[in-house]
Amino acid sequence: MDRQSLEYTREHYNKHSNQFATTKEALAARSSGPSAPLKKLHNTIKRLLIKRFAGQADRLLDLACGRGGDIWKWIDAGIRQVKGIDLSPHEVDEAGTRFAEARAKRPELELDYSFVATPELGLSEWKEPAPYDAVTCMFAAHYFFVSEAALKQFLHNVSINLVQGGYFFGTVPDGRRVNDCVLAGQGMRFHSPMLTVEARWKGAPECFGSAYICAIGDTVTGAEKGTDGSLEYLVYSSVFVTVAAQFGLEPVLDYDTPELGRLLDPADRAKPLKHFAPRFPQSDPSLERASRLFATFVFQKRRPYPAGAAEPPQKRARADEGEQAPREDATAQPTARRRIVKPAAPRAEEGAPAPKLTEEERLDATRMPSIEQHLRSSRR
Ligand SMILES: C[S@@+](CC[C@H](N)C(=O)[O-])C[C@H]1O[C@@H](n2cnc3c(N)ncnc32)[C@H](O)[C@@H]1O
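Treat the numbers as computed from the prediction; the structure is a model and nothing was measured.

Brief notes about the overall build of the protein chain
Point 1. Scanning the protein chain for helices and strands turns up twelve helices and 14 strands.
Point 2. Classification of the 380 residues of the protein chain by burial places 45% in the buried group.
Point 3. For the protein chain, the share of sequence-separated contacts (at least 6 apart) that also reach a separation of at least 24 residues comes to 73%.

Quick look at the packing of helix H3 (residues 36-54) against helix H10 (residues 285-292)
Point 1. Running from N to C, H3 and H10 cross one another at 25 degrees; their axes reach a closest spacing of 10 Å. By the angle between their axes, H3 is roughly parallel relative to H10. Crossing hand, H3 versus H10: right-handed. Contact residues: Pro37, Leu38 and Leu41 in H3; Leu287, Ala290 and Ser291 in H10.
Point 2. For the contact of H3 with H10, the class distribution of residues is five nonpolar, one polar and no charged.

A few points about the nonpolar core
Point 1. Membership of the largest hydrophobic core comes to 94 residues, with the highest contact counts inside it found for Ala54 and Leu60.
Point 2. Here the element with the most residues in this core is H3; it accounts for eight residues.
Point 3. Beyond its immediate stretch of four places on either side in the chain, Leu60 contacts Ala54, Trp74, Ile79, Val82, Tyr132, Asp133, Ala134 and Thr136.

Examining the site of the ligand
Point 1. In the neighbourhood of the ligand, 19 residues make up the surrounding shell, with Ala64, Gly66, Leu87, Met138 and Tyr143 lying closest.
Point 2. Looking at the shell around the ligand element by element, the count peaks at three residues for helix H1 (residues 3-16).

Thoughts on the pairing of strand S1 (residues 59-63)
Point 1. Counting buried positions along S1 yields four of five residues, so the element is predominantly enclosed.
Point 2. Alignment of S1 against strand S2 (residues 81-86), held across five bridges, turns out to be parallel. Residue pairing across strands places Leu60 opposite Val82, the latter belonging to S2.
Point 3. Handedness of the crossover joining S1 and S2 through helix H4 (residues 71-76) is recorded here as right-handed.
Point 4. Strand direction decides the pairing type here: S1 and strand S4 (residues 132-138), joined by three bridges, are parallel. Residue pairing across strands places Leu60 opposite Ala134, the latter belonging to S4.

A few points about the sheet that holds strand S7 (residues 195-199)
Point 1. Taken in spatial order, the four strands line up as S6-S7-S8-S9 in an open sheet, and their pairing is antiparallel. Each of the sheet's edge strands pairs with one partner strand only, and the pair in question is strand S6 (189-191) and strand S9 (230-233). Each strand of the sheet is rotated relative to its neighbour by a mean of 20 degrees, with strand direction disregarded.
Point 2. Bridge analysis of S7 against strand S8 (residues 211-216) gives five bridges, and the strand direction is antiparallel. Bridging across to S8, Leu195 finds its partner in Ile216.
Point 3. Across the face of the sheet, helix H7 (residues 175-184) comes into contact with S6, S7 and S8 while running at roughly 90 degrees to S7.

As for the environment of Leu123
Point 1. Inspection of the secondary structure puts Leu123 in the loop between strand S3 (112-117) and S4.
Point 2. Judged by local crowding, Leu123 falls into the partly exposed class, with 18 C-beta atoms found within 10 Å.
Point 3. Distance from Leu123 to Asp2, taken between C-alpha atoms, is 9.0 Å for residues 121 residues apart in sequence.

Regarding H1
Point 1. Between its first and last C-alpha, H1 extends 20 Å over 14 residues, near the 20 Å set by a 1.5 Å rise per residue.
Point 2. Against the buried residues of H1 lie helix H5 (89-105) and S9.

How each quantity is defined
Residues numbered from 1 in each chain as written. Predicted model: local features only at pLDDT ≥ 70, side-chain atom pairs only at ≥ 80, totals over all residues. Helix = DSSP H or I, 4+ residues; strand = E, 2+ residues; numbered from the N terminus. Buried ≥ 20, exposed ≤ 12 C-beta atoms within 10 Å, placed from the backbone. Contact = placed C-beta atoms within 7 Å. Axes fitted to C-alpha atoms, helices over the stretch in contact; angles between N-to-C directions. Parallel < 35°, antiparallel > 145°, perpendicular 65-115°, else oblique. Left-handed = near helix turned anticlockwise from the far one by under 90°. Nonpolar A, V, L, I, M, F, W, Y, C, P; charged D, E, K, R; others polar. Core = buried A, V, L, I, M, F, W, Y, C linked by C-beta atoms within 7 Å. Near = placed C-beta within 6 Å. Pairing = 2+ DSSP bridges. Right-handed = clockwise from strand over helix to strand, strands pointing away. Expected span 1.5 Å × (residues − 1).

Right, dumping it as structure tokens:
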């Protein structure tokens with residue numbers, strides 16, 4: 001994973017953490033700022049996803065957990081044990097503070113939630129002492145599309161920490177819609193009251209590493225705090241699905257949850273990415289446009305991973321494995337100890353197809369206004 005982009009992202013989220021003294025203040029701000037309708041919808045979608053796909057879970061692993069904005073969703077879903085992992089030490093600190101507040105409110109519950117800061121999720125193997133019933137990644141999988149190696153490392157880490165049959169799910173901006181947005185702007189930059197998106201890729205977008213800056217006003221991606229916004233990478237559905245399959249993860253197409261279905265685009269019923277369907281009539285239209293960039297994804301671990309993994313994967317590791325202090329940065333929080341297994345290279349299935357864009361995505365990706373005009377005129 002590219003260290004420079006990690007640094008940028010860590011800095012961005014460090015600056016956005018700890019904006020409020022208490023969760024109460026944070027919730028009050030969430031319900032009053034200009035992006036309040038977007039935050040409400042996005043939180044409802046996360047809540048319903050968690051209820052549907054982790055409602056039976058005793059243990060959940062949340063990758064890129066941020067400042068613990070989902071703590072009450074986990075509590076309300078009856079999840080007893082959660083490990084949250086994030087790049088930003090400041091966000092992780094705040095998650096710890098929020099959890100302490102939540103525990104004080106519900107002392108009768110035996111909750112075991114812990115949070116750890118590390119840049120390793122897309123860099124090397126991260127193996128927890130025992131697999132989890134569910135793994136989540138909310139509004140963050142796009143950071144791992146920086147390179148094929150980072151995405152594979154990340155999905156390897158997802159899969160080795162997920163029980164067979166467990167769900168890996170979350171929310172992510174759809175690269176096609178981000179690209180559409182950029183093309184609708186001027187000079188590869190779309191600017192509007194609530195949403196700014198600026199392409200940082202050259203030429204046509206690729207499967208990996210097509211960077212852009214996204215800033216949604218009054219949210220953690222915003223540019224108000226000294227960065228340009230969040231540095232992200234295009235996520236193409238076909239790439240996500242193809243690479244995930246190499247790690248035993250198959251898309252779930254039918255969520256079987258009418259409550260959640262009402263908040264998602266019905267046109268995506270049979271698709272692996274299901275776009276949010278916002279309606280914010282009182283807000284600037286650019287807030288809806290920002291929300292429509294996002295989609296849910298759900299994968300189920302339907303095939304054993306690593307291949308033939310009836311045998312626990314750590315058995316294949318070198319003799320130097322074992323319970324050790326994590327080798328992440330010095331800012332890491334105290335946490336349950338984990339097993340470090342090297343070498344870290346993910347073991348995607350042999351002979352797996354190389355990720356490539358579908359024809360539709362490719363056309364979309366290479367589409368420039370002039371080409372679009374040409375196609376329109378040639379159809380007349
Ligand atoms: C938009 S926030 C989402 C936070 C949280 N999941 C939520 O839904 O509220 C994105 C988070 O991804 C984290 N992140 C970005 N790149 C990461 C990486 N390589 N490893 C771990 N966390 C990362 C950021 O630090 C940030 O907290």
